[in-house]
Amino acid sequence: QTQKTMNQEGGHPLAREFDVVHVMSGGFLNLYQLLFAGVKINFKTLVLDSTPILPKPAAFTRFARAYMDSVGLTIIPKLIPSPIHQAFVTFRWSLQSAYIKL
């Protein structure tokens, strides 16, 4: 796997080029956020290992709430209604994308 910086001409400092990008679970979400923020990441092959967390706040929120229930953190889903939880996730992702874009 080769990696070279692609920001020689004023591009984003996170811009890169790879032969292979291997992402696991939440790594897919991180890759999506970088691409959504406009960071130029080129790759020839994308390898998904495990089930990717879908880059949609509703899907992530359902997954997070089910996970919290499964590990005994049932108080959080009971106290925070799903629409508020999803709005928080959407807001947080928007802030992260804006920060990356800077």
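One can find the structure itself at the top, above this paragraph.
Numbering of residues begins from 1 in every chain and follows the order in which that chain's sequence is written. The predicted origin of the model limits local features to residues at a pLDDT of at least 70 and limits the giving and counting of side-chain atom pairs to 80 or more, whereas totals for whole chains, interfaces and linings rest on all residues. Side-chain figures throughout are based on the complete set of non-hydrogen atoms in the structure, without hydrogens or water.

Caption draft 1: Structural detail: the environment of Asn-42. Within the secondary structure layout, Asn-42 lies in strand 3 (residues 41-49). Partly exposed residues are those whose accessible area sits between 20% and 50% of the maximum for their type, while under 20% is buried and over 50% is exposed, using a 1.4 Å probe and protein chains only. We classify Asn-42 as partly exposed; its relative accessible area is 28%. With 21 residues separating them along the chain, Asn-42 and Val-21 place their C-alpha atoms 9.1 Å apart. Put simply, DSSP H or I for four residues or longer makes a helix, DSSP E for two residues or longer makes a strand, and each gets a number counted from the N terminus.

Caption draft 2: Quick look at the packing of helix 2 (residues 57-70) against helix 4 (residues 82-101). For every element, the axis is a line fit to its C-alpha atoms; helices are fit only across the contacting stretch, and the angle between N-to-C directions ranges from 0 to 180 degrees. Remark: helix 2 packs on helix 4, axes separated minimally by 9 Å, with the N-to-C direction vectors making an angle of 120°. It follows that helix 2 is oblique to helix 4 by the angle criterion. Considering the relative orientation of helix 2 and helix 4, their crossing is right-handed. Residues Pro-57, Ala-58, Phe-60, Thr-61, Ala-64, Arg-65 and Met-68 of helix 2 touch helix 4, and the partners they reach there are Ser-82, His-85, Gln-86, Val-89, Thr-90 and Trp-93. Under this scheme an angle from 65 to 115 degrees is roughly perpendicular, one under 35 degrees roughly parallel, and one over 145 degrees roughly antiparallel; angles in between are oblique. Here a crossing is called left-handed whenever its near helix is offset anticlockwise from the far helix by less than a right angle, and right-handed whenever the offset is clockwise. Two residues qualify as a contact provided that any one of their heavy atoms is within 4.5 Å of a heavy atom in the partner residue.

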